[in-house]
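Chain residues, written in single-letter form:
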Amino acid sequence: MGKNAIVGQSGGPTAVINSSLAGVYESCLACGAEKVYGMRFGVEGLLKKKYVDLATVLPTDVEVELLKRTPSSFLGSCRYKLPDWQTEPQVYEQLFEILKELDIGWFFYIGGNDSMDTICKLAAYGASVNSDIRFMGVPKTIDNDLMGTDHTPGYGSAAKYISSVLKEVIRDSLVYDIKSITIVEIMGRNAGWLTAAAALAASDDCEGADLIYLPEVAFDVDAFVEKVRTLQETKPSIVIAVSEGVKLADGRYVCELTSDDRAVDVFGHKMLTGTGRVLADLLSSRLGTKARAIELSTLQRCASHIASGTDIAEAYQAGGAAVHAAAEGHTGEVVALKRISDKPYQCVTDLLPIEQVANLEKKVPLEWIIEDGTQLSSAFIDYARPLIQTELPPMYVSGAPRHIHL
Ligand code: F6P
(Lines give C-alpha, C1' and ligand atoms only; values in the text may rest on other atoms or scores of the structure.)
Protein backbone atom coordinates (compact mmCIF):
# COMPACT_ATOMS: atom_id res chain seq x y z
CA MET A 1 0.00 0.00 0.00
CA GLY A 2 1.19 3.56 -0.80
CA LYS A 3 3.01 5.41 1.98
CA ASN A 4 1.67 8.86 1.19
CA ALA A 5 -1.66 10.69 1.38
CA ILE A 6 -3.24 13.28 -0.88
CA VAL A 7 -6.01 15.74 -0.09
CA GLY A 8 -8.08 18.06 -2.28
CA GLN A 9 -10.70 20.75 -1.82
CA SER A 10 -13.62 20.99 -4.19
CA GLY A 11 -16.72 23.09 -4.88
CA GLY A 12 -17.50 26.49 -3.36
CA PRO A 13 -15.29 27.67 -0.51
CA THR A 14 -16.29 28.15 3.12
CA ALA A 15 -14.87 29.88 6.18
CA VAL A 16 -13.80 26.54 7.68
CA ILE A 17 -12.81 24.23 4.80
CA ASN A 18 -9.18 24.93 5.68
CA SER A 19 -9.81 23.72 9.20
CA SER A 20 -10.78 20.35 7.67
CA LEU A 21 -7.59 20.48 5.62
CA ALA A 22 -5.62 21.08 8.83
CA GLY A 23 -7.42 18.13 10.44
CA VAL A 24 -6.58 15.85 7.50
CA TYR A 25 -2.96 17.03 7.43
CA GLU A 26 -2.23 16.66 11.13
CA SER A 27 -4.06 13.32 11.41
CA CYS A 28 -2.24 11.92 8.36
CA LEU A 29 1.09 12.71 10.01
CA ALA A 30 -0.12 11.27 13.33
CA CYS A 31 -1.31 8.09 11.56
CA GLY A 32 2.04 7.51 9.87
CA ALA A 33 1.73 8.96 6.35
CA GLU A 34 5.20 9.80 5.09
CA LYS A 35 4.15 12.70 2.91
CA VAL A 36 0.88 14.55 2.56
CA TYR A 37 0.24 16.13 -0.81
CA GLY A 38 -2.34 18.79 -1.53
CA MET A 39 -4.05 18.84 -4.93
CA ARG A 40 -4.00 22.29 -6.47
CA PHE A 41 -7.54 23.02 -7.75
CA GLY A 42 -8.98 19.61 -6.87
CA VAL A 43 -8.89 16.62 -9.22
CA GLU A 44 -8.93 18.96 -12.20
CA GLY A 45 -5.55 20.31 -11.11
CA LEU A 46 -4.28 16.87 -10.16
CA LEU A 47 -4.93 15.70 -13.72
CA LYS A 48 -2.50 18.43 -14.79
CA LYS A 49 -0.07 17.21 -12.12
CA LYS A 50 -0.65 20.27 -9.99
CA TYR A 51 0.03 19.41 -6.37
CA VAL A 52 2.10 20.57 -3.44
CA ASP A 53 3.90 18.78 -0.60
CA LEU A 54 2.09 20.23 2.42
CA ALA A 55 5.19 19.99 4.64
CA THR A 56 6.83 22.68 2.50
CA VAL A 57 3.96 25.14 2.90
CA LEU A 58 2.87 24.25 6.44
CA PRO A 59 6.26 23.80 8.11
CA THR A 60 5.23 24.56 11.72
CA ASP A 61 2.20 24.63 14.03
CA VAL A 62 1.92 28.37 13.44
CA GLU A 63 1.08 27.90 9.74
CA VAL A 64 -1.41 25.15 10.61
CA GLU A 65 -3.10 27.40 13.19
CA LEU A 66 -3.24 30.23 10.66
CA LEU A 67 -4.69 27.81 8.10
CA LYS A 68 -7.58 27.00 10.47
CA ARG A 69 -8.46 30.70 10.64
CA THR A 70 -8.02 31.44 6.93
CA PRO A 71 -11.16 31.37 4.78
CA SER A 72 -11.67 29.91 1.31
CA SER A 73 -9.87 26.89 -0.11
CA PHE A 74 -6.13 27.13 0.56
CA LEU A 75 -5.33 24.56 -2.14
CA GLY A 76 -7.69 26.06 -4.72
CA SER A 77 -10.86 24.33 -5.87
CA CYS A 78 -12.72 23.17 -8.94
CA ARG A 79 -16.18 22.36 -10.14
CA TYR A 80 -15.27 19.31 -12.16
CA LYS A 81 -17.41 16.31 -13.05
CA LEU A 82 -15.59 13.04 -13.64
CA PRO A 83 -17.00 11.08 -16.59
CA ASP A 84 -18.57 7.67 -16.17
CA TRP A 85 -15.67 5.29 -15.38
CA GLN A 86 -17.15 2.38 -17.31
CA THR A 87 -17.53 4.24 -20.61
CA GLU A 88 -14.60 6.67 -20.29
CA PRO A 89 -11.86 4.99 -18.23
CA GLN A 90 -9.03 7.10 -19.74
CA VAL A 91 -9.29 9.92 -17.19
CA TYR A 92 -9.21 7.36 -14.39
CA GLU A 93 -6.18 5.58 -15.87
CA GLN A 94 -4.41 8.93 -16.00
CA LEU A 95 -5.38 9.84 -12.42
CA PHE A 96 -4.40 6.46 -10.99
CA GLU A 97 -1.05 6.68 -12.80
CA ILE A 98 -0.39 10.02 -11.07
CA LEU A 99 -1.45 8.55 -7.71
CA LYS A 100 0.96 5.66 -8.31
CA GLU A 101 3.82 8.04 -9.12
CA LEU A 102 3.15 9.83 -5.82
CA ASP A 103 2.89 6.52 -3.94
CA ILE A 104 -0.56 7.40 -2.61
CA GLY A 105 -2.31 5.08 -0.15
CA TRP A 106 -4.98 7.50 1.13
CA PHE A 107 -7.05 9.96 -0.89
CA PHE A 108 -9.20 12.61 0.82
CA TYR A 109 -11.63 14.99 -0.86
CA ILE A 110 -13.26 17.83 1.07
CA GLY A 111 -16.47 18.91 -0.63
CA GLY A 112 -20.23 18.93 -1.05
CA ASN A 113 -22.69 16.66 -2.85
CA ASP A 114 -21.16 17.18 -6.30
CA SER A 115 -17.65 16.56 -4.94
CA MET A 116 -18.79 13.35 -3.27
CA ASP A 117 -19.66 12.14 -6.77
CA THR A 118 -15.89 12.25 -7.42
CA ILE A 119 -15.12 10.05 -4.39
CA CYS A 120 -17.95 7.71 -5.36
CA LYS A 121 -16.58 7.23 -8.88
CA LEU A 122 -12.93 6.99 -7.85
CA ALA A 123 -13.72 4.37 -5.18
CA ALA A 124 -15.78 2.36 -7.68
CA TYR A 125 -13.09 2.53 -10.36
CA GLY A 126 -10.42 1.72 -7.73
CA ALA A 127 -12.36 -1.39 -6.70
CA SER A 128 -12.72 -2.44 -10.33
CA VAL A 129 -8.94 -2.41 -10.84
CA ASN A 130 -8.17 -3.89 -7.39
CA SER A 131 -6.49 -0.69 -6.22
CA ASP A 132 -5.65 -0.57 -2.52
CA ILE A 133 -5.96 3.24 -2.36
CA ARG A 134 -8.55 4.29 0.22
CA PHE A 135 -10.91 7.08 -0.87
CA MET A 136 -12.66 9.11 1.81
CA GLY A 137 -14.95 12.15 1.65
CA VAL A 138 -14.91 15.00 4.14
CA PRO A 139 -18.20 16.97 4.20
CA LYS A 140 -18.23 20.67 3.41
CA THR A 141 -20.77 23.18 2.17
CA ILE A 142 -22.29 26.39 3.39
CA ASP A 143 -25.52 25.13 1.81
CA ASN A 144 -25.98 22.45 4.52
CA ASP A 145 -27.70 20.24 1.96
CA LEU A 146 -25.76 16.96 2.36
CA MET A 147 -27.85 13.89 3.12
CA GLY A 148 -27.16 11.75 6.15
CA THR A 149 -25.30 14.32 8.23
CA ASP A 150 -26.92 16.47 10.92
CA HIS A 151 -25.26 19.50 9.35
CA THR A 152 -22.21 20.30 7.26
CA PRO A 153 -19.01 22.07 8.25
CA GLY A 154 -19.21 25.54 6.75
CA TYR A 155 -22.89 26.04 7.47
CA GLY A 156 -22.54 27.23 11.07
CA SER A 157 -20.13 30.00 10.15
CA ALA A 158 -22.20 31.17 7.19
CA ALA A 159 -25.30 31.07 9.40
CA LYS A 160 -23.53 33.11 12.08
CA TYR A 161 -22.53 35.71 9.49
CA ILE A 162 -26.02 35.84 7.97
CA SER A 163 -27.81 36.22 11.31
CA SER A 164 -25.30 38.84 12.49
CA VAL A 165 -25.50 41.01 9.38
CA LEU A 166 -29.28 40.67 9.38
CA LYS A 167 -29.33 42.20 12.86
CA GLU A 168 -27.19 45.08 11.59
CA VAL A 169 -29.32 45.58 8.49
CA ILE A 170 -32.46 45.63 10.65
CA ARG A 171 -30.96 48.28 12.97
CA ASP A 172 -30.02 50.37 9.93
CA SER A 173 -33.44 49.97 8.34
CA LEU A 174 -35.15 51.52 11.36
CA VAL A 175 -33.19 54.74 11.29
CA TYR A 176 -35.69 56.89 9.33
CA ASP A 177 -39.37 57.25 10.10
CA ILE A 178 -40.36 56.52 6.50
CA LYS A 179 -41.58 53.54 4.49
CA SER A 180 -38.70 51.43 3.22
CA ILE A 181 -37.98 47.86 2.19
CA THR A 182 -34.65 46.09 2.39
CA ILE A 183 -34.26 42.75 0.64
CA VAL A 184 -31.29 40.58 1.61
CA GLU A 185 -30.45 37.88 -0.95
CA ILE A 186 -28.81 34.79 0.49
CA MET A 187 -27.12 31.82 -1.23
CA GLY A 188 -28.44 28.28 -1.43
CA ARG A 189 -29.52 27.06 -4.83
CA ASN A 190 -32.23 24.51 -4.00
CA ALA A 191 -32.14 24.24 -0.23
CA GLY A 192 -33.07 27.11 2.07
CA TRP A 193 -30.85 26.34 5.06
CA LEU A 194 -28.76 29.47 4.66
CA THR A 195 -31.73 31.77 4.17
CA ALA A 196 -33.42 30.13 7.13
CA ALA A 197 -30.45 31.29 9.23
CA ALA A 198 -31.91 34.82 8.89
CA ALA A 199 -34.42 33.63 11.52
CA LEU A 200 -31.58 33.48 14.05
CA ALA A 201 -31.43 37.30 13.99
CA ALA A 202 -34.60 37.50 16.07
CA SER A 203 -33.95 37.84 19.78
CA ASP A 204 -34.88 40.05 22.72
CA ASP A 205 -32.85 42.89 21.17
CA CYS A 206 -34.06 42.45 17.58
CA GLU A 207 -37.45 41.83 16.01
CA GLY A 208 -35.85 39.76 13.23
CA ALA A 209 -36.56 39.62 9.51
CA ASP A 210 -40.19 40.38 8.68
CA LEU A 211 -40.40 37.83 5.90
CA ILE A 212 -38.15 34.90 4.97
CA TYR A 213 -38.52 33.11 1.63
CA LEU A 214 -36.91 29.72 0.98
CA PRO A 215 -36.70 27.76 -2.29
CA GLU A 216 -38.62 24.86 -0.70
CA VAL A 217 -41.87 26.82 -1.18
CA ALA A 218 -43.07 28.06 -4.60
CA PHE A 219 -42.84 31.86 -4.77
CA ASP A 220 -46.03 33.76 -5.65
CA VAL A 221 -45.19 37.27 -6.84
CA ASP A 222 -48.67 38.77 -6.33
CA ALA A 223 -49.07 37.25 -2.86
CA PHE A 224 -45.61 38.62 -1.97
CA VAL A 225 -46.45 42.18 -3.05
CA GLU A 226 -49.76 42.03 -1.18
CA LYS A 227 -48.07 40.71 1.95
CA VAL A 228 -45.55 43.56 1.95
CA ARG A 229 -48.27 46.14 1.27
CA THR A 230 -50.34 44.90 4.21
CA LEU A 231 -47.34 44.71 6.52
CA GLN A 232 -46.35 48.28 5.69
CA GLU A 233 -49.72 49.54 6.89
CA THR A 234 -48.52 48.93 10.45
CA LYS A 235 -44.72 48.77 10.09
CA PRO A 236 -43.10 51.20 7.67
CA SER A 237 -39.68 49.58 7.54
CA ILE A 238 -39.58 45.99 6.29
CA VAL A 239 -36.60 43.65 6.04
CA ILE A 240 -36.96 40.55 3.88
CA ALA A 241 -34.55 37.62 3.56
CA VAL A 242 -34.82 35.78 0.26
CA SER A 243 -32.96 32.81 -1.16
CA GLU A 244 -31.17 33.24 -4.48
CA GLY A 245 -32.96 30.04 -5.50
CA VAL A 246 -36.62 30.96 -4.99
CA LYS A 247 -38.70 29.71 -7.89
CA LEU A 248 -42.14 30.40 -9.29
CA ALA A 249 -44.68 27.56 -9.43
CA ASP A 250 -43.78 27.08 -13.13
CA GLY A 251 -40.16 26.27 -12.18
CA ARG A 252 -38.53 29.52 -13.30
CA TYR A 253 -36.13 31.14 -10.87
CA VAL A 254 -37.33 34.55 -9.67
CA CYS A 255 -34.00 36.01 -10.80
CA GLU A 256 -34.90 34.89 -14.34
CA LEU A 257 -37.98 37.13 -14.40
CA THR A 258 -36.03 39.94 -16.03
CA SER A 259 -33.44 37.86 -17.92
CA ASP A 260 -33.22 34.09 -18.45
CA ASP A 261 -29.73 34.23 -19.95
CA ARG A 262 -27.81 32.36 -17.22
CA ALA A 263 -24.38 30.74 -17.34
CA VAL A 264 -24.44 27.03 -16.45
CA ASP A 265 -21.61 25.06 -14.77
CA VAL A 266 -20.51 21.48 -15.57
CA PHE A 267 -23.07 20.09 -13.14
CA GLY A 268 -25.81 21.94 -15.05
CA HIS A 269 -26.32 24.47 -12.23
CA LYS A 270 -27.46 27.89 -13.38
CA MET A 271 -25.54 30.85 -11.98
CA LEU A 272 -28.01 32.53 -9.65
CA THR A 273 -27.79 36.19 -8.75
CA GLY A 274 -30.03 39.24 -8.72
CA THR A 275 -33.14 37.82 -7.04
CA GLY A 276 -33.10 40.61 -4.44
CA ARG A 277 -32.72 43.27 -7.14
CA VAL A 278 -35.61 41.86 -9.18
CA LEU A 279 -37.90 41.85 -6.12
CA ALA A 280 -36.80 45.29 -4.90
CA ASP A 281 -37.51 46.80 -8.34
CA LEU A 282 -40.88 45.06 -8.43
CA LEU A 283 -41.90 46.38 -5.00
CA SER A 284 -40.63 49.82 -5.79
CA SER A 285 -42.72 50.04 -8.96
CA ARG A 286 -45.86 48.37 -7.55
CA LEU A 287 -45.87 50.01 -4.10
CA GLY A 288 -43.96 53.20 -4.79
CA THR A 289 -41.75 52.54 -1.75
CA LYS A 290 -38.03 53.02 -1.35
CA ALA A 291 -36.58 49.52 -1.83
CA ARG A 292 -32.98 48.41 -1.49
CA ALA A 293 -31.41 45.05 -2.43
CA ILE A 294 -28.38 43.61 -0.64
CA GLU A 295 -26.81 40.51 -2.16
CA LEU A 296 -24.64 38.76 0.43
CA SER A 297 -23.02 36.76 -2.37
CA THR A 298 -19.51 35.53 -1.58
CA LEU A 299 -19.33 37.60 1.62
CA GLN A 300 -21.30 34.86 3.40
CA ARG A 301 -19.01 32.04 2.24
CA CYS A 302 -15.69 33.26 3.56
CA ALA A 303 -16.53 35.43 6.57
CA SER A 304 -13.86 33.97 8.84
CA HIS A 305 -13.83 37.15 10.92
CA ILE A 306 -17.11 35.94 12.42
CA ALA A 307 -16.64 32.18 12.04
CA SER A 308 -18.38 29.88 14.48
CA GLY A 309 -15.93 28.28 16.89
CA THR A 310 -18.13 25.18 16.93
CA ASP A 311 -17.94 25.00 13.14
CA ILE A 312 -14.15 25.37 13.05
CA ALA A 313 -13.75 22.60 15.63
CA GLU A 314 -16.17 20.25 13.86
CA ALA A 315 -14.55 20.88 10.47
CA TYR A 316 -11.20 19.91 11.97
CA GLN A 317 -12.71 16.79 13.59
CA ALA A 318 -14.34 15.74 10.31
CA GLY A 319 -10.96 15.91 8.56
CA GLY A 320 -9.33 13.87 11.33
CA ALA A 321 -12.15 11.29 11.35
CA ALA A 322 -11.71 10.67 7.60
CA VAL A 323 -8.02 9.93 8.13
CA HIS A 324 -8.62 7.60 11.07
CA ALA A 325 -11.25 5.74 9.03
CA ALA A 326 -8.84 5.36 6.09
CA ALA A 327 -6.14 4.14 8.48
CA GLU A 328 -8.59 1.50 9.72
CA GLY A 329 -9.20 0.33 6.16
CA HIS A 330 -12.38 2.23 5.22
CA THR A 331 -12.87 3.42 1.65
CA GLY A 332 -15.74 4.78 -0.42
CA GLU A 333 -17.25 6.50 2.61
CA VAL A 334 -17.87 10.02 3.85
CA VAL A 335 -17.70 11.42 7.35
CA ALA A 336 -21.02 12.61 8.78
CA LEU A 337 -21.81 14.63 11.90
CA LYS A 338 -24.23 12.96 14.28
CA ARG A 339 -25.97 15.01 16.97
CA ILE A 340 -26.25 12.91 20.09
CA SER A 341 -27.66 15.51 22.43
CA ASP A 342 -29.51 18.84 22.09
CA LYS A 343 -29.10 20.19 25.60
CA PRO A 344 -26.18 20.32 26.00
CA TYR A 345 -25.39 20.26 22.28
CA GLN A 346 -23.10 17.33 21.50
CA CYS A 347 -22.06 15.99 18.15
CA VAL A 348 -19.83 13.09 17.15
CA THR A 349 -18.48 11.90 13.81
CA ASP A 350 -19.94 8.95 11.95
CA LEU A 351 -19.31 7.26 8.57
CA LEU A 352 -21.71 6.82 5.68
CA PRO A 353 -21.43 4.93 2.38
CA ILE A 354 -20.68 7.56 -0.25
CA GLU A 355 -23.66 6.51 -2.43
CA GLN A 356 -25.98 7.72 0.32
CA VAL A 357 -24.61 11.26 -0.04
CA ALA A 358 -23.27 11.89 -3.57
CA ASN A 359 -25.50 13.97 -5.84
CA LEU A 360 -28.38 14.09 -3.34
CA GLU A 361 -29.79 17.18 -1.63
CA LYS A 362 -31.29 17.64 1.81
CA LYS A 363 -33.95 20.32 2.01
CA VAL A 364 -35.37 22.23 4.98
CA PRO A 365 -38.29 20.12 6.33
CA LEU A 366 -41.57 21.69 5.22
CA GLU A 367 -42.97 21.48 8.76
CA TRP A 368 -40.23 23.92 9.86
CA ILE A 369 -41.44 26.55 7.36
CA ILE A 370 -44.41 28.32 8.90
CA GLU A 371 -46.66 31.39 8.54
CA ASP A 372 -47.54 30.82 4.91
CA GLY A 373 -43.93 30.06 3.99
CA THR A 374 -42.54 33.29 5.45
CA GLN A 375 -40.98 32.27 8.79
CA LEU A 376 -39.14 29.39 10.49
CA SER A 377 -40.41 27.39 13.44
CA SER A 378 -38.81 27.07 16.86
CA ALA A 379 -37.69 23.55 15.81
CA PHE A 380 -35.39 25.17 13.22
CA ILE A 381 -34.06 27.64 15.78
CA ASP A 382 -33.33 24.80 18.22
CA TYR A 383 -31.54 22.94 15.42
CA ALA A 384 -29.46 25.85 14.14
CA ARG A 385 -28.69 27.91 17.26
CA PRO A 386 -26.00 25.54 18.63
CA LEU A 387 -24.16 25.62 15.30
CA ILE A 388 -23.32 29.33 15.55
CA GLN A 389 -21.95 29.19 19.09
CA THR A 390 -18.54 30.52 20.17
CA GLU A 391 -15.92 32.46 18.26
CA LEU A 392 -12.38 31.82 17.10
CA PRO A 393 -11.20 35.21 15.86
CA PRO A 394 -8.66 35.60 13.07
CA MET A 395 -5.05 36.43 13.92
CA TYR A 396 -4.89 40.19 13.43
CA VAL A 397 -1.78 41.88 12.04
CA SER A 398 -1.74 45.66 11.54
CA GLY A 399 -5.44 45.75 12.26
CA ALA A 400 -6.42 43.29 9.52
CA PRO A 401 -7.02 39.52 9.65
CA ARG A 402 -3.91 37.59 8.66
CA HIS A 403 -4.37 34.83 6.04
CA ILE A 404 -2.11 32.09 4.72
CA HIS A 405 -2.11 31.47 0.96
CA LEU A 406 -0.15 29.67 -1.72
O1 F6P B 1 -21.02 26.16 -2.62
C2 F6P B 1 -22.38 26.32 -2.74
C3 F6P B 1 -22.71 27.66 -3.29
O4 F6P B 1 -22.21 28.58 -2.41
C5 F6P B 1 -24.20 27.91 -3.56
O6 F6P B 1 -24.92 28.34 -2.47
C7 F6P B 1 -24.14 28.91 -4.67
O8 F6P B 1 -25.31 28.90 -5.43
C9 F6P B 1 -22.97 28.41 -5.45
O10 F6P B 1 -22.08 27.87 -4.52
C11 F6P B 1 -22.25 29.43 -6.28
O12 F6P B 1 -21.23 28.79 -6.91
P13 F6P B 1 -20.04 29.49 -7.71
O14 F6P B 1 -19.12 30.08 -6.71
O15 F6P B 1 -19.41 28.38 -8.47
O16 F6P B 1 -20.67 30.52 -8.57
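See the structure shown above.
Peer 1: Got a sec to walk through the overall build of the chain? Specific residues and values, please.
Peer 2: Of regular secondary structure, the chain possesses 12 helices and 15 strands. With respect to the principal axes defined by its C-alpha atoms, the chain has extents near 70 × 50 × 40 Å. When the 406 residues of the chain are sorted by exposure, 58% land in the buried category. Within the chain, residue pairs in contact and separated by at least 24 positions form 77% of the contacts whose partners lie at least 6 positions apart. Carbon and sulfur atoms make up 51% of the accessible area of the chain, which amounts to about 16600 Å² in all. Both charge centroids of the chain, one from 38 positive and one from 53 negative side chains, sit 3 Å from each other.

Peer 1: Summarise helix α9 (residues 221–234); cite the residues concerned and give the values.
Peer 2: Those residues of α9 lying buried are Val221, Phe224, Val225, Val228 and Gln232. When α9 is viewed along its axis, its buried side chains cluster within an angular range of 95° and face the same direction. Among the exposed residues of α9, those pointing more than 90 degrees away from its buried face are Asp222, Glu233 and Thr234. Where α9 begins, the capping side chain belongs to Asp220, and its oxygen is found 3.1 Å from the backbone nitrogen of Asp222.

Peer 1: Quick rundown of the packing of helix α5 (residues 90–101) against helix α6 (residues 113–128)? Include the residues and the values.
Peer 2: One can describe the packing of α5 onto α6 by two numbers: an axis separation of 11 Å at closest approach and a directional angle of 80°. Taken as axis vectors, α5 and α6 run roughly perpendicular relative to one another. Between α5, through Tyr92, Glu93, Leu95 and Phe96, and α6, the contact on the second element is made entirely by Lys121, Leu122, Tyr125 and Gly126.

Peer 1: Quick one: what's the story with the sheet that holds strand β2 (residues 36–39), residue by residue and with numbers?
Peer 2: Pairing is mixed across the open sheet formed by seven strands, whose spatial order is β3-β2-β1-β4-β5-β10-β11. Strand pairing shows two members of the sheet lacking a second neighbour, β3 (51–53) and β11 (346–353), which therefore form its edges. The mean angle between the axes of side-by-side strands here comes to 30°, regardless of whether they run parallel or antiparallel. Bridge analysis of strand β4 (residues 104–111) against strand β5 (residues 134–139) gives six bridges, and the strand direction is parallel. The partner of Ile110 across the bridge, within β5, is Val138. Along the sheet face, helix α11 (residues 309–327) touches β4, β5, β10 (333–341) and β11 and points at about 165° away from the line of β5.

Peer 1: Before we move on, can you summarise the pattern of salt bridges with the specific residues and values?
Peer 2: With the rule as written, the count across this model stands at 19 salt bridges. One salt bridge in this structure joins Arg339 and Asp150, with 3.0 Å as the shortest N-O distance. Residue Arg339 is found in strand β10, and its partner Asp150 is found in the loop between β5 and α7 (155–173); the two are separated by 189 residues along the sequence. Summarising the burial analysis for this pair, Arg339 and Asp150 share the class buried. Through salt bridges with shared partners, a single ionic network connects Glu65, Lys68 and Arg69.

Here is what the cut-offs are and how they apply
- Residues numbered from 1 in each chain as written.
- Predicted model: local features only at pLDDT ≥ 70, side-chain atom pairs only at ≥ 80, totals over all residues.
- Heavy atoms only, no water.
- Helix = DSSP H or I, 4+ residues; strand = E, 2+ residues; numbered from the N terminus.
- Buried < 20%, exposed > 50% of the residue type's maximum accessible area, 1.4 Å probe, protein only.
- Contact = heavy atoms within 4.5 Å.
- Areas by Shrake-Rupley, 256 points an atom, 1.4 Å probe, with all protein chains shown as cover.
- Lys, Arg positive; Asp, Glu negative; His and termini not counted.
- Charge placed at Lys NZ, Arg CZ, Asp CG, Glu CD.
- Arc of directions from axis to C-beta.
- Polar contact = N/O pair within 3.5 Å; in protein donor to acceptor, adjacent residues only side chain to side chain.
- Axes fitted to C-alpha atoms, helices over the stretch in contact; angles between N-to-C directions.
- Parallel < 35°, antiparallel > 145°, perpendicular 65-115°, else oblique.
- Pairing = 2+ DSSP bridges.
- Salt bridge = Lys/Arg side-chain N within 4 Å of Asp/Glu carboxyl O.

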